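Residue strings, one per chain:
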Amino acid sequence: MPASPETLPTHVQVTEVGPRDGLQNEPVLLPTADKAGLVRALVAAGVRQFELTSFVSPRAVPALADAAELVSAVRGIPDVHLSALVPNMRGAERALEAGVDSVVLFVSASATHNAKNVNCRIEDSLAAFAQVARRLEGSGIEVRGAIATAFGCPFEGDVDVRAVGRIARHFADLGATRLSLGDTTGMATPPLVTERVRHLREVVPSLPPTLHFHNTRGIGLANVMQGLWLGVDRYESSIGGLGGCPFAPGASGNIASEDLVYLLDEMGIETGIDLEGLIEAGRLATRLMGRPLPAQVSRAGPRLALGDCSAVPTARG
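Because the structure is a prediction, the values reported are computed rather than measured.

**Some remarks on the overall build of the chain**
Then, number 1: In terms of regular secondary structure, the chain is built from 12 helices and eight strands.
Then, number 2: Overall, the C-alpha framework of the chain stretches about 70 × 50 × 35 Å when taken along its three principal axes.
Then, number 3: Scored against the burial criterion, the 317 residues of the chain give a buried share of 53%.
Then, number 4: Of all intrachain contacts in the chain linking residues separated by at least 6 positions in sequence, the fraction that spans at least 24 positions is 76%.

The following block contains the structure:
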């Protein structure tokens, strides 16, 4: 049974992943200055949580080769949390040196995708994470976890919820403060959202889930609605709907930040983010990428954005 309306959160925290997940699979390699400008536009709109970049091999993901430079360019912005994905100890050392606020240790629930994504077995990834967590003890850097293909794998199909739970327990044992469930290729559905959220609440009650949906099959916001009914109050999204995984077929964009905030605004759920400012940031992202982006609200405007009646012809019978 779905949760009752009374369990809907009154406030939702939105983490912007556009500079990382949004750009990692784009053919256009943005200069660091343009990325920093986009981050500042998002901050001006009220965004405070960023998954900024990833400290991975520049050969594997050329779009993120400037990870340290980007952190340096925006690190001085007050009241903003900057996180970065790291796959291993080498990435963690680079993130530590760059001065991020948190690292996100990421692994796939699917063995095949993990091998494609980080060229590593799941067991080896988890063992490396234990070493990273020990290395970061006392550094002041928060450790977070992320599980890719948490709702399904483009190579293996369905992913057993128990596999997701086992990885989640590992992150909890490491002392992770957050856990993101990644819908890498848009395979999530509302029933799967319910199953995974409820399972994680049983096996890792101390680690509330963050939900990260892609809109590959057009139901990204339907999955958000299901998460809201379940009381989940943390979501990740990408400005303009940018995004995709270079190591998974059919991985189209994330849910768009402006579409997500519009939905939450219309439901009376606070985010601390100004929709008009977010729309402007979305238009900046469109100009930087040089093509239309999937976000709907940046094109249509808010629900009560009224047009000029005199500019529209009157029908003649």
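**Some remarks on the side chain of His 81**
Then, number 1: Positionally, His 81 belongs in strand 3 (residues 81–86).
Then, number 2: Judged by relative accessible area, which is 15%, His 81 ranks as buried.

**Points about helix 8 (residues 190–203)**
Then, number 1: Taking 1.5 Å per residue, 14 residues should reach 20 Å; helix 8 reaches 20 Å between its end C-alpha atoms and fits that length.
Then, number 2: The complete set of buried residues in helix 8 reads Leu 192, Val 193, Thr 194, Arg 196, Val 197, His 199 and Leu 200.
Then, number 3: Tucked inside the fold, the buried residues of helix 8 contact helix 7 (161–174), strand 6 (179–182), strand 7 (209–212) and helix 9 (220–229).

**Here's the deal with the confidence of the model for the chain**
Then, number 1: Averaged over all residues, the pLDDT of the chain equals 91, while 95% of them reach at least 70.
Then, number 2: Counting contacts from residues 1–6, a segment whose pLDDT is below 50, to residues more than four positions away or on other chains yields six contacts.

**A few points about the packing of aromatic side chains**
Then, number 1: Tallied over the entire structure, the rule returns two aromatic pairs.
Then, number 2: A ring pair is formed by Phe 129 and Phe 171, whose centres lie 5.8 Å apart and whose planes are at 20 degrees; its orientation type is stacked. In this pair, Phe 129 is assigned in helix 6 (residues 122–136) and Phe 171 in helix 7, connecting sequence segments 42 residues apart.
Then, number 3: Both rings, one in Phe 151 and one in Phe 213, keep their centres 5.8 Å apart while their planes meet at 45 degrees; by these two values the pair is tilted. With Phe 151 in the loop between strand 5 (142–148) and helix 7 and Phe 213 in the loop between strand 7 and helix 9, this pair connects stretches of sequence that are 62 residues apart. Both residues of the pair, Phe 151 and Phe 213, count as buried.

**Description of the side chain of Glu 16**
Then, number 1: Residue placement: Glu 16 occurs in strand 1 (residues 13–16).
Then, number 2: Buried charge without a partner: Glu 16 forms no salt bridge, and the closest opposite charge is Arg 20, 10.0 Å away.
Then, number 3: Among the polar contacts made by the side chain of Glu 16, one reaches the main-chain amide nitrogen of Ile 239 at a distance of 2.8 Å.
Then, number 4: The contact partners of Glu 16, leaving out residues within four places of it in the chain, are Leu 42, Val 47, Gln 49, Phe 50, Glu 51, Ser 237, Ser 238, Ile 239 and Ser 257.

**Focus on the nonpolar core**
Then, number 1: If you look at the biggest cluster of nonpolar residues, it comprises 81 residues, and the most contacted ones within it are Ile 147 and Phe 171.
Then, number 2: Of all the elements, helix 11 (residues 275–289) adds the most residues to this core, at six residues.
Then, number 3: When sequence neighbours within four positions are dropped, the list of residues in contact with Ile 147 reads Val 107, Ala 109, Val 164, Ile 167, Ala 168, Phe 171, Leu 179, Ser 180, Leu 181 and Gly 182.

**Quick word on the pairing of strand 4 (residues 102–108)**
Each regular strand carries side chains that alternate between the two faces of the sheet.
Then, number 1: Of all seven residues in strand 4, seven are buried; the element is thus mostly enclosed.
Then, number 2: Covered by surrounding structure in strand 4 are Ser 102, Val 104, Phe 106 and Ser 108 together with Val 103, Leu 105 and Val 107, the residues of both alternating faces.
Then, number 3: Note that strand 3 and strand 4 share four bridges and pair parallel. In the sheet register, Ala 84 faces strand 4, and the bridge partner there is Val 103.
Then, number 4: You can see the chain leave strand 3, run along helix 4 (residues 89–98) and come back into strand 4, and the turn it takes is right-handed.
Then, number 5: Inspection of the sheet shows strand 4 paired to strand 5 by seven bridges, in the parallel sense.

**Considering the pairing of strand 6**
Then, number 1: Residues Leu 179 and Leu 181 of strand 6 are buried on one face, and the alternating residues Ser 180 and Gly 182, pointing to the opposite face, are buried as well.
Then, number 2: Across three bridges, the pairing between strand 5 and strand 6 is parallel. Looking across to strand 6, one finds that Ala 146 is bridged to Ser 180.
Then, number 3: A crossover connection joins strand 5 to the parallel strand 6 through helix 7; in handedness this β-α-β unit is right-handed.

**Observations regarding the packing of helix 6 against helix 7**
Then, number 1: Running from N to C, helix 6 and helix 7 cross one another at 15 degrees; their axes reach a closest spacing of 10 Å. Looking at the two axes, helix 6 sits roughly parallel to helix 7. Judged by the sense of rotation from one axis to the other, the crossing of helix 6 with helix 7 is right-handed. Residues Ile 122, Leu 126, Phe 129, Ala 130 and Ala 133 of helix 6 pack against Ile 167, His 170, Phe 171 and Leu 174 of helix 7.

The rules behind the values
- Every residue gets a number counted from 1 within its own chain, in the order that chain's sequence is written.
- In view of the model being predicted, local features appear only for residues whose pLDDT reaches at least 70, and side-chain atom pairs are presented and counted only at 80 or more, with totals across whole chains, interfaces and linings using the full set of residues.
- Note: side-chain values were computed over all heavy atoms of the structure, leaving out hydrogens and water.
- Strands here mean DSSP runs of E at least two residues long; helices mean DSSP runs of H or I at least four residues long; both are numbered from the N terminus.
- Three labels apply to residues, based on accessible area from a 1.4 Å probe with only protein chains included: buried if under 20% of the type maximum, exposed if over 50%, partly exposed otherwise in between.
- Contacts: residue pairs with any heavy atoms within 4.5 Å of one another.
- Given a helix with a known number of residues, its expected span is that number minus one, times 1.5 Å.
- Confidence of the predictor at the level of single residues is given by pLDDT, which spans 0 to 100.
- For this analysis, a ring pair means two rings from Phe, Tyr or Trp (six-membered ring only for Trp) whose centres lie within 6.5 Å, classed as stacked if their planes differ by under 30 degrees, edge-to-face if by over 60, and tilted for the remaining angles.
- The charge count treats Lys and Arg as positive and Asp and Glu as negative. His and the chain ends do not count.
- In what follows, salt bridge is the name for a side-chain nitrogen of Lys or Arg lying within 4 Å of a carboxyl oxygen of Asp or Glu.
- Here a polar contact is taken to be a pair of N or O atoms separated by no more than 3.5 Å, where protein atoms must pair a possible hydrogen donor with a possible acceptor and residues adjacent in sequence count only if both atoms sit in side chains.
- We define the nonpolar core as a collection of buried residues of types Ala, Val, Leu, Ile, Met, Phe, Trp, Tyr and Cys that are connected through side-chain atoms lying within 4.5 Å of one another.
- One bridge is not enough; two strands pair if DSSP finds at least two bridges between them.
- Think of it like this: strands point away, you trace from the first strand over the helix to the second, and a clockwise trace means the crossover is right-handed.
- Each axis is a line fitted through C-alpha atoms, and for a helix only the stretch in contact is used; angles between axes span 0 to 180 degrees, taken between their N-to-C directions.
- The cut-offs work like this: below 35 degrees is roughly parallel, past 145 is roughly antiparallel, 65 to 115 is roughly perpendicular, and the gaps in between are oblique.
- It is the rotation of the near helix from the far one that decides the hand of a crossing: anticlockwise by less than a right angle makes it left-handed, clockwise makes it right-handed.

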